[in-house]
Amino acid sequence: MQFISKLFVIVLILTSSVVSAQNKNILKLDISSPIMRTANVSFEHQTKERSSFVLGVLYQDQSDGFASSYITRTAITPEFRYYMGKYNAPEGIYLSMFARYQYMEALEQIYMGYDPITYVSIYEYNKRNINTGGVGMSFGYQRIFQDKISIDVNFGTIWNSGDKRISTNEPFDSAPNEAFRPYVGYFVRTGVAVGFLF
């Protein structure tokens, strides 16, 4: 919790430092994230005629991973966007490059055996955590209505560190970070966000 508090303080400082400028600002909420039990908020600031800077923060509650685990994660994503076409930033087609830092906790389910008397499978749970860094790029389109409301749709790919194939501590343990999938290694990043200009 101390880490998350510091993270939000940093976001508030960075946000307040750019709000005073005369360029357009957009505060956005990703409306597709709740499907994955995630809250994803971002702040976009127009830096030049064709470019903008985006700072995103997400929190994912304990949800099912691709492996037998439950994942909780917090991430911060700084992003640079370049807008193309007939519109200037922050409207129209854009290409973006971004970095991501994330902290994850996984409650890993381990199969221990089967009780022939009660006909019940026996599991143990192992709690683990990991810090990862990643980079990626995406392609998207943002439309602004009446200079008040924005709709932002994007699709891209990201690579996150932490995708170990073999444990150096336990040589016979292959894919030791399998519990953190799909958020280690390569993954698709997509979203639909609604925003308000100010």
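Report on the accompanying structure. Owing to the predicted nature of the structure, the values given are computational and were not obtained by experimental measurement.

### As for unusual backbone geometry
And then number 1: The omega torsion across alanine 89 and proline 90 is 5 degrees, close enough to zero to call that bond cis.
And then number 2: Inspection of the secondary structure assignment puts proline 90 in the loop between β4 (69-84) and β5 (92-115).
And then number 3: For the bond from arginine 181 to proline 182, the omega torsion is 15 degrees, close enough to zero to count as cis.
And then number 4: The topology assignment puts proline 182 in the loop between β7 (149-160) and β8 (185-197).
And then number 5: You will see that glutamine 146, though not glycine, has its phi angle at about 55 degrees, which is positive.
And then number 6: With respect to the helices and strands, glutamine 146 occurs in the loop between β6 (120-145) and β7.
And then number 7: For aspartate 147, which is not a glycine, the phi torsion comes out positive at approximately 55 degrees.

### Quick notes on the layout of surface pockets
And then number 1: Counted as a void, the largest pocket has a volume near 620 Å³.
And then number 2: Lining the largest pocket are 35 residues, and of these Asp30, Ser33, Asn40, Arg189 and Thr190 sit closest to its centre.
And then number 3: Secondary-structure elements contributing two or more residues to the lining of the largest pocket are β1 (25-30), β2 (38-46), β3 (51-64), β4, β5, β7 and β8.
And then number 4: Ranked by the residues each element gives to the lining of the largest pocket, the list is headed by β8, at 7 residues.
And then number 5: Classifying every residue of the lining of the largest pocket by side-chain character gives 13 nonpolar, 14 polar and 8 charged.

So, how was this worked out
Residues numbered from 1 in each chain as written. Predicted model: local features only at pLDDT ≥ 70, side-chain atom pairs only at ≥ 80, totals over all residues. Heavy atoms only, no water. Helix = DSSP H or I, 4+ residues; strand = E, 2+ residues; numbered from the N terminus. 1 Å grid on protein atoms, 1.4 Å probe; cavity = no way out; pocket = protein on both sides within 12 Å on 5 of 7 lines; lining within 4 Å. Points joined across faces, edges and corners; volume = space filled by probe spheres on them. Nonpolar A, V, L, I, M, F, W, Y, C, P; charged D, E, K, R; others polar.

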